Structure formats: structure tokens, C-alpha cells
4 protein chains.
Amino acid sequence: MKVAIVGASGYTGLELIKILINHPKFELVYLATSDGDTELSQLHPSLESVFNTTVQKAETDKIAEIAELVFLAVPHKTAMNFVKELRKKEILVVDLSADYRLKKETYEQFYVPHIDEENLKNAIYGMPELYKSEIQKAKLVANPGCYPTASILGTIPFLEFKAKNSPIIIDAKSGVSGAGKKLSETTHFVKVNDNFFAYSPLNHRHTPEIEEKLSLASGENQKVVFVPQLLPLTRGMINSIYITIDKKNSDLDFKNRVEEFYKNSKFIRIREKPPTMKDVAGTHFCDIFVAFDKESNTLFVQSAIDNLLRGASSLAVANANLMAGFDEYLGLPTIAYNP
Amino acid sequence: MKVAIVGASGYTGLELIKILINHPKFELVYLATSDGDTELSQLHPSLESVFNTTVQKAETDKIAEIAELVFLAVPHKTAMNFVKELRKKEILVVDLSADYRLKKETYEQFYVPHIDEENLKNAIYGMPELYKSEIQKAKLVANPGCYPTASILGTIPFLEFKAKNSPIIIDAKSGVSGAGKKLSETTHFVKVNDNFFAYSPLNHRHTPEIEEKLSLASGENQKVVFVPQLLPLTRGMINSIYITIDKKNSDLDFKNRVEEFYKNSKFIRIREKPPTMKDVAGTHFCDIFVAFDKESNTLFVQSAIDNLLRGASSLAVANANLMAGFDEYLGLPTIAYNP
Amino acid sequence: MKVAIVGASGYTGLELIKILINHPKFELVYLATSDGDTELSQLHPSLESVFNTTVQKAETDKIAEIAELVFLAVPHKTAMNFVKELRKKEILVVDLSADYRLKKETYEQFYVPHIDEENLKNAIYGMPELYKSEIQKAKLVANPGCYPTASILGTIPFLEFKAKNSPIIIDAKSGVSGAGKKLSETTHFVKVNDNFFAYSPLNHRHTPEIEEKLSLASGENQKVVFVPQLLPLTRGMINSIYITIDKKNSDLDFKNRVEEFYKNSKFIRIREKPPTMKDVAGTHFCDIFVAFDKESNTLFVQSAIDNLLRGASSLAVANANLMAGFDEYLGLPTIAYNP
Amino acid sequence: MKVAIVGASGYTGLELIKILINHPKFELVYLATSDGDTELSQLHPSLESVFNTTVQKAETDKIAEIAELVFLAVPHKTAMNFVKELRKKEILVVDLSADYRLKKETYEQFYVPHIDEENLKNAIYGMPELYKSEIQKAKLVANPGCYPTASILGTIPFLEFKAKNSPIIIDAKSGVSGAGKKLSETTHFVKVNDNFFAYSPLNHRHTPEIEEKLSLASGENQKVVFVPQLLPLTRGMINSIYITIDKKNSDLDFKNRVEEFYKNSKFIRIREKPPTMKDVAGTHFCDIFVAFDKESNTLFVQSAIDNLLRGASSLAVANANLMAGFDEYLGLPTIAYNP
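Residues numbered from 1 in each chain as written. Chains lettered and ligands numbered in written order. Predicted model: local features only at pLDDT ≥ 70, side-chain atom pairs only at ≥ 80, totals over all residues. Heavy atoms only, no water.

Some details on the interface of chain C and chain B
Contact with chain C, which involves 18 residues of that partner, is made by 18 residues of chain B. Contact with chain B buries surface across chain C, with C:L183, C:H188 and C:F189 losing the most and accounting together for 45% of the total. Applying the counting rule to chain C against chain B returns zero salt bridges. Here chain C and chain B share six residue pairs in polar contact (both at pLDDT 80 or more) between them. The element best represented in the side of chain C that touches chain B is helix α9 (residues 189-192) of chain C, accounting for three residues. Taken together, the residues of the side of chain C that touches chain B break down into eight nonpolar, seven polar and three charged. (Contact = heavy atoms within 4.5 Å. Buried area = accessible area lost by both parts, 1.4 Å probe. Salt bridge = Lys/Arg side-chain N within 4 Å of Asp/Glu carboxyl O. Polar contact = N/O pair within 3.5 Å; in protein donor to acceptor, adjacent residues only side chain to side chain. Helix = DSSP H or I, 4+ residues; strand = E, 2+ residues; numbered from the N terminus. Nonpolar A, V, L, I, M, F, W, Y, C, P; charged D, E, K, R; others polar.)

In C-alpha cells, the structure reads:
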């Protein structure tokens, strides 16, 4: 199946390319950026001699001629403009932006007015652990954010055991690539190196995505206390999740429960020891660790992912696999950047 | 006042030296390691031409002859052997090890049998915010650990507002220097660089120190859920602390409360924004940030310190200042390693 | 073809495994360490669910039963003991240690007495750019060191243009993984992070390997001034090479010359801009840059490799490919760890 | 003596402040940036509670009223506008930009047309090792660049022993703070972290500064082959310098020579082992190491400095000390950021 990438210059665009050039069933036939008109090796010198091709200026007509599915790796707001056009032409779309992840009201509160309600209604949230069969039939998939992916995967197995009305505390830590390639004071090397700090604590715009999806999954309103923090490293994300367990569940073997919950998920590993960033960096794996403090009925969970892969590009390919009728895991990266 | 350092080769030993060579009232007259017989510039080449002196093999007789106060920066167990001898000779001691921080039973559960109960009973826990007047009269001060220092300073102002029986969640992150100079797999550059991971979650031996001191301070049993994590950076520690606030206190202005609580503490800064490691690294400051999530009655606190200074060596000098009758803050470092 | 790895626990062992589990023609049937008796995922948690297998205690008899070719990723001195046994049993060997790289006299000057002269005489130096046809017929290949690989690839195209009797200056910089997994002060995170320093300048034991091979290749005695330096990063190596060009050659287009020289080498890229570590890390590529200072007749060359791959494990697989009659480049990694 | 800083927001501005607030004889009475109208702790949160003051919008009239000497830490071109005004008002100036370092022709070739020839003619190059007595009488000092400082200090002791017409090869490595606070692709954390690369090899605009000063110092035309490289660390600079020694000097003890040369320079340390970045970071020290390769008559020198201090701000204070008639070394930082 012929596929296209719009937004080839960023980190998630690069990761998509790296997966797709070796994918057994997708053929990458079109690459675009907003400027276009360059060689791929100019954008990404590491790909010289690996995949030599020209990068176009994005045009939906041209895409419709040659590709059946498009990966959109462009900023929010830009994305919905493309989706509107591409869906008119019946192209399948995996959108990596935030534009189709949230209910209209929530989206507009945190971003901008939405211009494509029609497709927003029919978009499927691309988390196969929750919506596999819907994704298989979807025409437009909203690829989850990296913080929500790690948070939701580490939380959903335990929602049914949680004490009523207790908040879910998520102390999240991300590598700098999560902030994208755009220049900002926060991503200047001198600001980040040998440093560590939180940003937008209790106030980050990924919070509503996490709350909305956990509430949907559990059928109850879920409250999340979310604190994102920036690590002095390039890729990966580890979230510490603290859940108050209902006393009646305090004798459960939670490791056993999560193993059972994910027994069919080949790319989720339940770990004996706390996960490390470098064991997931470069892969589609989500590593999960649980420990229970019986005295306080507090469950401690850590979930680790590569923010650019499981948190973006390899998840996008998994979603595309499902939309195309392939095996979910076809062509996904398994071998970590370790050491 | 003439002072000595036993344990000059490690990181905390080096930091003590760096403070004491410019201290207006302490004169550093004796430096020792377990091996001795070397030049200081051999141990710490950065001090060549700055402070040229010989490092001895530690002998308590010799120390007693020339110094009135000793800083012990040696491993636990080794420390109590020295303390026993030094106190016999009536030398004042600031002990940076864990040997005199805990009740006998707690100590022996996490470390080894204690051989110096006599002094253990009379040792004062060296946190001036809690025990300033006791330290002024003390002969032996047990200098707090770095995790307990950051945890306690970030927690005590809020204990009175906490919901009964709720645990205090501490998601702690430390730079690698906290693990000391000893070689281990965990401190190998390749293991730590571009990586991040927790160790001993819910199970770290600093937990009882935090619980014991918070319980003493509040007059109630306090339960701490403590997760230490290793950051890929050299120095500094930031602890995220989550406290469930009693509903009746949910209208308080917590920032205001903590400012009031620490209004006389020159080296505690209440911050408008989350603290960063580099703003405290190199100094005695503890930076504190608070934000309250009213919906869930969860108070989020971050406390940041330099683990080697406020978490060890500059705190030791503050304690020595008090023991010697000087101003608590005399000669303490104020200017951060930033950028 | 069935292959074995002895020395599975180190960094180069891990890289060999990562290449071989996806290699189209080699089947990895045996993994050993000096201790043995463990699961691979215990040694390398990143491989859990990717390649589950047992690691043995190394026994040459057992190896001979099931494998045709062995990769030896063990320390020097240990290696020659294995080679002696394995060659008796006619197993093909790629030895990643220094044991068979040098002439006996040179080896013994820098290492220990050699115990396997017989095989030493017949070992082939595994640099396909110099000895491809010999490697194709070899039974024992001595895999080059990382510093020599980057140095030689960056130097040989220009030896014929060099001014007589001028030394070759190599200012080399390596990531910390080049020092191996063994614990040492030099590889402690706190020693390396935010730091940079040279070690063994003019005196490193890779110097004779570089000089011997360059002298052989050029038919003249070559003198190298070699300074290795440690970078605060995990993987990769970039060598700055300064060559004094004979005045009669000062009008040559050196970029053109090196492109011509390596026109059949798919994994050598001649770059327009100075290479970066991250464009080669994770791959078998060697990136080369040249610039000529006409005023002083100085040619500046930079050669960049992944020290663990082109400088060790992927080169070992390339050599094994040739020994087995396969295409040199079969199964070698092309996609960089970037970002 | 009352002093002012114009350009308080950048890294060198911050370092000037950190030195001056503890300086025994300079009183920092005025701080300005191009925007002004803010609190110092807004610009540099690390200085909160350390030095609370207001930052003005730079006005030369106001400066002239209250200060006798100004440190200019603004970009080149901006600097000469200020100098022109300030010198009219007879204010002493230490200019940290490139505007007064070079001969007019050289400056205009690499930068922009010069608008202040008058003062350019009388500016003194602020390297006390070369021009101490001139600086003592100077009204305007052009503070050297960081690359030239490290390069010149490592080279001048050996110029008299160099082989005629041989180039000086300088393989330089700098921390990222040398590039300043301005945002650029090159200083994005993801670009630099775990990476290493050269920029502008053979072509950097610091080359003419080095060549001009070495030529002046030696009375001969000196040719430099200069390659700057970016290290994944915040502060510090180490230059590898390769000098071809005239055969007649090949029996000299070069370590002895450089010790003799710098015997009165308290802040130059001749090292037994290659210098490390962390031993000079945070200080005014320049650490120098020499080793001689007799076979090739190549002298290898490494010079290490803190690029923001010896390479900028502490050197500026040393120059100001001399201009004010104080001891050169008054108030300069001696204690390294190590660990």
C-alpha cells in the first residue's frame, strides 16, 4: 500500500520515515514539508545513501493521485486544514497532531476554534489497547499524545481497583525531543544540560486528553493531577503514577493483574525492576512496573515509552497497519538504542 | 576556630574543603583520609594552587591536639568508630554519615548493629529549621541525608493542613553525585547518560529517616511513599511532593503559608515558578514551589537543593556555625553554578 | 550458517546480538559469557521479548558441535586461549580483541607474551578496504580496533600525496562506550559528565596498530602523532586528521580524490559538511570530510564512525559475511540513532 | 570604584555580575540590557535573594553620572556604538565584543564596516601576559575572544622554538555556552546532546585574531590551522595545539620552559597530566599540558580554560583591575565547579 508523509522535517516525521523505508507492506511514495523542494538528505543527513528521495511542497491533489494513506506530522491547526481536504478525496489519514483527539469543547478551550467538526465526530482515538476494532474500520485516526499514551497504558489496568473519588497522580518526565524541533529558550542546550525542572504543573494541555480517555474507559469521571518535567536527555518518557487503591482490593497481586490485562499485547512488557529509558528508546515497547504499598493502599506504577515512537510515530504505523488490514505490529521497531 | 575534616577524598569532603578555605571564622588545619599520606592536589587536582596542603592518615589523637571541631565525611559504620573516640576527647563532631540520625532500632534494621549507644542518645539531628537551639548546645550533630533534607523542608510547613491518615507521596530525583565516588554499575557513565530510572522504589533506606523526623515534628505518625530516581546529571535534587489537604483547609493560600513559615530562613526561597536544578546547584539554597489542585484537594510541592551542599556539606558547616556560636549562615555558598 | 558469540555481556557482544538476530543468513545458535548460566534478558533487559535465549558458560567443544563461525568479544589474552582451541577444531573465528592484530613483537611490547604464534602468523587484519580478498579466504580474522578503523579509513586515500617524512597528526575523540563496561574512575558518570579530557596522549596502545597498518598500506614507514580524548557521550568517534601535503600535490581536488577512492564502498559517505556523531551512531557508516588549507599545505580530514559498530561489531559481521562467501554488507545497520 | 555592566542578560553578563558582587574594590552600581526595566532576579532567577537590583535600559548619560568604568557585554557592532559615546564622556571601557580586537581591515573583512576608527587605534588588546603595562594605562581594552585566549596562552611560550614556516595546528573544542544565549539550530539540546561536530573548520572568524596576535608577539607572520568543535557540555574549552619544533631545539625540556615562562602568572597551572574541563570550569585558571614527540619533532600542547571566565568575564575583571591600578588578580574566582 502506497503511503505519504506530510511533515517530513520534524522528529516524528523522521521516525516515520525510518520505520516506513523498511516496512514490509507500506511503500513510502511521497514526502512533503511546508517548504518542499529539497532532498531528504538535506533535511536529515543521517539518511544520505540510505533513502535518497526528493521532498515536495505538500499538495493534497498530488497526494490523492499516488497514495492511499497519509501520515500527518504537522502542527495542530495546520493538521485540520489537511485532514479536511484529504478526507474529501477519501484518503485514509493518521493525524499525529492534537486536532482530532479531544471533544470539540475541550479542544477549543486549550487550542483554537475547530474548523472540521464533521471529521472530528468520526475520528477514532488511536490507542489499539482501547479501540482496536474501531481503528480497523476507521478512515481518520487521531494519534494519541506521548504523555497520554504512557499515562493511559500505565493506568487503565488499575482503574477498577481504585478508591472512589481519589485523584490519579502522574509525575511525568520527558526527554527534550518531545518539545519538537522548534527553537525555544526551554530547549537551548545550556538551559537543559545538567538541569531538571517542571513546566506547567497541574496545568498542561495534555491533562484533559488523559482525563477524557480514562473517564471514557472507566465509565466514571476521572481526575488527574499531572506534572510534566523535562529531563536532560533526548528521547524517552517515564511516568510515575500513584493510585489510591480501594481497601477491599488491597490483597490483590497487582503485577499479576497487569500481566493478565496485557497478555495479548506483544509490545507491553511487565518488568521485575523499574524500567529504564534506554531499554525502550528506539522501540515500540511500553515497559510497565508496579509496586504496592500496603500500609497506605498506594499503588506505584511506572510506564516507560519512547516518546517519538510508542508516543508518536511507531504508534501511528501500528494504527495504519490496523486501518490497512495488516497485523498491528507489522514492521514496528523492537531493538533499543542501548547502550 | 580550628577544624578538621576526616574523609577528604569524596565529594562531600571536597565540598567541605571548598567552603572552609574561604570561611571567615573556621580555620581548616587538618585533612585526613583512610590512606593518608598524599597531597590535596593529588586527590583534587582542581585545588592545585588554591589550597596546597598534605592529607594525613586519620588519627584521633592528632586531631584532638590541633582541632576543636571535626567534620566526619566517612561511610556509615566507619563514622561511629571515629565518633566514639573523638567524643571521649571532647571534640565537637558533625557527622555526615547515617550513624547518628535514627533511633537505634530503626538504624539497626536498615544498617548494622550500633556500637555507640551512649552518643547516639545525645546526638542532635542537624536540621536548624527544626532544632536550631538544640544544635547550638550540641556536642555531636547528625547531619541529615540529602533526600530527607529536601523532603522535610518541602513537607513540614504543610503537615498541619494534611488530611488525617493520608500518605505523603514523594517522587524524588537526584543527580549521580548523591551515590558517591564508589564505583558501581549504576554510576557508570554509559548506564546513566541519556537514561533515567528509579531504584529501590517504596523501599529506600532514607524513608525511615523522613518518616521519623516528620512524625516527631508533627506529633503524629506520618507515612511516606518514597520513590528515588537517578537523573543523568551531576548535582542537585528535586523532590515532587503530593499532599492530600484536609477539606477544611482547602481555601488557604499555601504559598502565603510557606512564605510565612520560612520568613526567617535566609536560604529558603519560595519560588513563583517550579525550581530548576541549576538555580540551586553550588549553593546552600533550598527553593520551594507550591501549587494547589482544588478539585482534588492535592497540594503539589517541589523542593530543590544541591545534594552535596544543602543536602550535605554546606548544611554541615551551618551546623558547625551554630555549635561554635557563630551566625548560622556564616560563609555559606550563595552563587549558583549557572550556567 | 550457524554462528556463536563468546562474550555476550559486554557492549560489543550486545551489538553483535542486535545485528545477528535480524541477519538474513547467519543464525545465532549459541551465546556464552565467562560465567554463563543466565537468561539473555538478565544480561540485557532491552532484549526481553525480542530474543529470549539462555546464555552458556563458554565451552569450545560445545561450540564446535553446533556452530561454524564464532565471534569472540572477550578481553585480549582471554581471546587467544579461545582462538587456539577453536582453530584446532577448524571453527572460523572473528576475534574482536587485540590479540591477532599486531606483529608478535609489537603485541608483546604493549600487551603480554603471545601464546599462539601459529595462528597469529595466519590471521588477516579485518579491514575490507585493504584486505577484502584475503578476508574472503581467511579462517581467522583480527577485527581492527575502533581508533585504528577511523584513523586508517580517513588517512589511506591521502598517503600518496603526503609530504615525505611528515608525521600524521590524529586528534581523536571517543564516546565512553569505547572503554567498555568494566568499572573504572575514568568511566564514572561524575568524572565524565560535562567534562572532557585526553588520556595517554602520544602514548596510547592503538598507535602502533595505526602505524603498522598505514606503513604496510603505503610501503613506507609512517609516523603517527596520536592523542585520544574522552567525550561526554555514549557512542561514536570522530578523528581530526592533519596531513602535510607535498607541494607538488597542492592543486589536487582532495574531495574528488577520496570520492574516487571509495566509490565502491557503500558504507563510506564523503560529506559536504563536517560529520556529526549522531549521523553515524547506530550504523556501519564511516563519514569522511576533507578541507585543504592551501597556504600551509595542510589537509584536514575528519572521519566519524560508531565505535561499537563500524569500530567493532558491524565490522565483525562484515568480515564474517566475507568469510562465509556472502555480500560484505549483508544485514549491516544503516539507520542512525538520530535524534 | 563604581562600575557598570551593559549587557546583563547574557552568559558573560551573568558571570561579570557573579564576580563583581563579591569584588573587594569594585562596586556594581548599574546594570543594563537593551530592553531594561526589569528585576535582576527575573533575568537570572539564581540570583534571587543574592543580589536584588533593578536592570535599566542602557543610557550612556546615566552611566557617565554614576560609574567610572563600564563592562560592555553586548554583541559586536552594538558595542562600538556604546564605546564611541562612553569614551567621549571619558568613561573607562572593557569591551567583551570583537569590535576593538582586530586591525580595521581584518575586522571589516570578517564583520561589518567599523564606525569608530579613532578609538580602535588606541584600544589595547586585553591579554595581560602580553600587554600588562599597556593595559594599566589604557582607557579602552578589547577583551580577547575565548578561542584566541586559550590558543595564544598555549602557543606563545613555544613560538621561539618552532620550525620556520610551519603552521600551528589548533584542534579546538568548546562548550555550548560559547555560542551565547541566542537561539539557533546548533544550540538546540537535541542537536548537541550525545553529539559532537566541527563547525567552520579552517574558516572561523577567530582565526585572524589568533594569527594577528601571535604574529605581533613573535615578530613573524604566523599561520594557524584552526578547527573549532562543539562539545556536548555547558562550559569550558580545551585546545589541542600541535607545533613543529625546529630540530635544533629538540632536546629542550618544554615543560620546564613553559613553567619558566609563566612563573609569575598565578592563574596559569602547568599540569602533570592532560587538563580536564571541570578542573578549570568556574575559575580564572588556564591549565596547560605539554608533551613532546621526539621522533617527529612535534610538540603537543593542551590549554584549558573556562570559556565564560578566563575566556571572557574574569579576564575582563582582570583587565579592569589593571586599568584601575589594582592587583591583576583581585577578586578572581579560584574554586572550580567540580564535581
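Considerations on the relation of the copies chain C and chain B
Look at the two chain copies: a rotation about an axis and a shift along it is all it takes to match them. Once chain C has been moved 0.0 Å along the axis and rotated by 180 degrees, it coincides with chain B to within an RMSD of 0.0 Å. The relationship between the two copies is best expressed as a two-fold rotation axis. For chain C, the smallest separation between a C-alpha atom and the rotation axis is recorded for C:F189, amounting to 2.0 Å. Most of the interface of chain C is mirrored in chain B: 100% of its interface residues are interface residues there too. (Least-squares fit on C-alpha atoms with pLDDT ≥ 70 in both.)

Remarks on helix α1 (residues 11-20) of chain C
Among the ten residues that make up α1(C), nine are buried, leaving the element largely enclosed by the rest of the structure. Those residues of α1(C) that fall on the buried side of the exposure criterion are C:Y11, C:G13, C:L14, C:E15, C:L16, C:I17, C:K18, C:I19 and C:L20. Of the surrounding secondary structure, the elements contacted by the buried residues of α1(C) are α9 (189-192) of chain B together with β1 (2-6), β2 (27-33), α2 (40-43), β5 (69-72) and α13 (313-323) of chain C. (Buried < 20%, exposed > 50% of the residue type's maximum accessible area, 1.4 Å probe, protein only.)

Here we look at the packing of aromatic side chains
The full count for this structure, using the stated rule, is 49 aromatic pairs over all chains. Aromatic pair A:Y337 and C:Y337: ring centres 3.8 Å apart, planes at 15 degrees, arrangement stacked. Of this pair, A:Y337 sits in the segment after α13 (313-323) while C:Y337 is found in the segment after α13, placing the two residues in two different chains. The burial state of A:Y337 is the same as that of C:Y337; both residues are buried. (Phe/Tyr/Trp six-rings, centres within 6.5 Å; stacked < 30°, edge-to-face > 60°.)

Digging into unusual backbone geometry
Between C:N338 and C:P339 the backbone carries a cis peptide bond, its omega angle lying at 5 degrees. As for its placement among the helices and strands, C:P339 is situated in the segment after α13. Its identity as a non-glycine residue notwithstanding, D:D37 has a phi of 55 degrees, on the positive side. Given a relative accessible area of 72%, D:D37 falls into the exposed group. One non-glycine residue with positive phi stands out, namely D:N297, at about 55 degrees. Here D:N297 lies in the loop between β14 (286-293) and β15 (298-305). Overall, the relative accessible area of 9% leaves D:N297 in the buried class.

Observations concerning the relation of the copies chain B and chain A
You can overlay chain B on chain A at an RMSD of 0.0 Å; the transform is a turn of 180 degrees with a shift of 0.0 Å along its axis. Comparing interface residues between copies, 98% of those in chain B also lie at the interface in chain A; the contact surface is shared.

Regarding the pairing of strand β12 (residues 237-244) of chain C
Residue and element names in this part refer to chain C. Counting buried positions along β12 yields seven of eight residues, so the element is predominantly enclosed. In terms of strand pairing, β12 meets strand β15 (residues 298-305) through eight bridges, oriented antiparallel. Residue pairing across strands places S240 opposite Q302, the latter belonging to β15. (Pairing = 2+ DSSP bridges.)

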